[in-house]
Amino acid sequence: MRAAVYSGYGIRPEVTQVADPACPADGVVIAVGASGVCRSDWHAWKGHDPVVLPHIGGHELAGVVAQAGPEVTRWRAGDRVTVPFVCGCGRCEYCLAGEAQVCPRQTQPGFTGPGSFAELVAVHAADTNLVALPDALDLVAAASLGCRFATAFRAVTAHGRVGAGEWLAVHGCGGVGLSAVMIGAALGSRVVAVDVAAPALDRARELGAEFTVDASAADPALLIGEITGGGAHVSVDALGSPATAACSVRCLRRRGRHVQVGLLLGGPTPIPMDLVVARELEIYGSHGMAARGYPPMMTMVADSALRPGLLVGRVIGLEDAGRALAAMDGSSEGAGMTVIRLP
Ligand SMILES: [Zn+2]
Ligand SMILES: [Zn+2]
């Protein structure tokens, strides 16, 4: 098969011919139709999140099952699917409880093994991890359901529990952040979007943000307090930096809920715990969404209440994977998600 392979951290991936992946007994091989280029791919490529080299990145995918292992009961060749970027083992206490997103023996295509910047990708424990896609949803639009869109959905609904009329603050308007804006607006919440890039804020407004805050110009927490008359009910740090994490906590009203989605790979992060106590704030970490959490989101996608296709900015070919990764150096994804389409 063809795949975009990198030989070392920071070295541009080259499209080369490599061996097809073997099908796990409990898993499937998926013919990749589309694969998003996500910031986590960039972190792995940069060496922030170590992988075995040479490596094939890509973890946000949609495609068609090409082959199913002998132990798989629920899926067969021809099924259109996506897969959460965290694949549970299917056997441990967390997977059995439907919490595969925190499985201690999790596998992640593009991190623990070869990923979806390739014509084929292997996925383990298919009966636990695959999610069926409606026929009407094209694979480019569906790719983000494997990572950024689903991650935002769970952050806003399962942890944030945002209600209609409540204020939702979203810090960082890349792929996850813009997804959270769309999801929050669809659920009837009032969204304040925060970023430092004007194009990202414009996009947030188009996707349903009622207010936008330029974080480079003022203290976003103070402005959010004024806009919302006392603070947000729910705030999501979709970027993942010590500054945005602390700001997300500080912008909450009493009894508010902070959801940390952006990866904080730099080590321990200071959080204003004095405010957490005095205002009785709730602090959550959110790590993707297990396949079992998908049905309510898929219902909203099928009804067009949620339209992940609107978040796609650029569609590129596999040979442009390296350029797309390099383009993430230091910049936000505010222009929309970049998605690789495979023939
Ligand atoms: Zn991702
Ligand atoms: Zn497990």
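Draft legend 1. Looking closely at the overall build of the chain. Helix and strand content of the chain: 12 helices and 16 strands. Rg of the C-alpha trace for the chain: 19 Å, near the compact-globule value of 20 Å for 343 residues, within the 12% margin. With respect to the three principal axes, the spread of C-alpha positions in the chain is 55 × 40 × 40 Å. Here the chain holds 343 residues, and the buried ones make up 55% of them. Intrachain contacts of the chain at a sequence separation of at least 6 include 71% that bridge at least 24 residues. When the accessible surface of the chain is split by element, carbon and sulfur atoms take 55% of a total near 13600 Å².

Draft legend 2. Spotlight on the coordination of the zinc ion (ligand 1). Within the protein, Cys38 (SG), His59 (NE2) and Cys147 (SG) serve as the donor atoms for the zinc ion (ligand 1), at 2.0 to 2.2 Å. Site description for the zinc ion (ligand 1): donor spacing in sequence, C-x20-H-x87-C. One end of the pair, Cys38, is in the loop between strand S3 (28–37) and helix H1 (39–46); the other, Cys147, is in the loop between helix H4 (139–142) and helix H5 (148–159), and 109 residues separate them in sequence. Exposure class is identical for Cys38 and Cys147. Each is buried.

Draft legend 3. Structural view of the sheet that holds strand S9 (residues 167–171). On the basis of which strands lie adjacent, the open sheet formed by 6 strands has the order S11-S10-S9-S12-S13-S14 and parallel pairing. With partners counted over all chains shown, the strands left at the sheet margins are strand S11 (211–214) and strand S14 (282–285), one partner each. Averaged over all pairs of adjacent strands, the angle between strand axes in this sheet comes to 15°, irrespective of strand direction. In the sheet, strand S10 (residues 190–195) pairs with S11 via 4 bridges, with the strands oriented parallel. Bridged to Ala193 within S11 is Thr212. Across the sheet, H5 touches S9, strand S12 (232–237), strand S13 (252–260) and S14, and the angle it forms with S13 is around 145°.

Draft legend 4. Looking closely at the layout of surface pockets. Size it by volume and the largest pocket reaches roughly 1000 Å³. Lining the largest pocket are 48 residues, and of these Ala238, Leu239, Gly240, Gly262 and Leu263 lie nearest its centre. Residue classes in the lining of the largest pocket are distributed as 20 nonpolar, 23 polar and 5 charged.

Draft legend 5. Quick look at the nonpolar core. Membership of the largest hydrophobic core comes to 49 residues, with the highest contact counts inside it found for Leu145, Met297 and Leu306. Ignoring anything within four residues of it in the chain, the contact list for Met297 reads Leu145, Phe149, Ala150, Phe153, Met289 and Leu306. Ala44, Val65, Met328 and Ile340 belong to the second-largest nonpolar core, a separate cluster that totals 39 residues.

Draft legend 6. Structural context of unusual backbone geometry. Residue Pro54 is reached from Leu53 by a cis peptide bond, and omega for that bond is -5°. Note on placement: Pro54 falls in the loop between H1 and strand S4 (55–56). Positive phi, close to 65°, is recorded for Arg255, a residue that is not glycine. By secondary structure assignment, the location of Arg255 is in strand S13. Under the relative-accessibility criterion, Arg255 is labelled exposed at 51%.

Criteria and cut-off values
- Once a new chain begins, its residue numbering starts again from 1 and follows that chain's sequence as written.
- Here every chain gets a letter starting at A, and every ligand a number starting at 1, in the order they are written.
- Where totals are concerned, whole chains, interfaces and linings use all residues; where local detail is concerned, this predicted model gives features only for residues with pLDDT of at least 70, and gives and counts side-chain atom pairs only at 80 or more.
- Based on all heavy atoms of the structure, the side-chain values leave hydrogens and waters out of the count.
- What counts as a helix is a DSSP run of H or I of at least four residues, what counts as a strand is a run of E of at least two, and both are numbered from the N terminus.
- What the globule rule says is 2.2 Å times the number of residues to the power 0.38, and the radius of gyration is computed from C-alpha atoms.
- Burial here depends on accessible area, computed with a 1.4 Å probe over protein chains only, as a share of the maximum for the residue type. Under 20% is buried, over 50% is exposed, and the range in between is partly exposed.
- A contact between two residues is defined here by any heavy atoms of the two lying within 4.5 Å.
- Residue exposure ignores everything except the shown protein chains as possible cover, and the areas themselves are Shrake-Rupley values with a 1.4 Å probe.
- Sites may look incomplete because water is not among the atoms; the donors themselves are N, O and S atoms within 2.8 Å of the metal, or within 3.2 Å for Na, K and Ca.
- Note: two strands are recorded as paired if DSSP finds a minimum of 2 bridges between them.
- Every angle, taken between N-to-C directions, lies between 0 and 180 degrees, and every axis is a line fitted to C-alpha atoms, over only the stretch in contact when it is a helix.
- Using a grid of 1 Å spacing that covers the protein atoms alone, one calls a set of points a cavity when a 1.4 Å probe fits there but cannot get out, and a pocket when the set is open and has protein on both sides within 12 Å along at least five of seven lines; lining residues are those with an atom within 4 Å of a point.
- Grid points are joined across faces, edges and corners, and a volume is the space filled by probe spheres set on the points.
- For this classification, Asp, Glu, Lys and Arg are treated as charged, while Ala, Val, Leu, Ile, Met, Phe, Trp, Tyr, Cys and Pro are nonpolar and the rest, including Gly, are polar.
- Here, nonpolar core means buried Ala, Val, Leu, Ile, Met, Phe, Trp, Tyr and Cys residues that are tied together by side-chain atoms lying within 4.5 Å of each other.

Everything listed here is a matter of geometry and, on its own, says nothing about what the molecule does.
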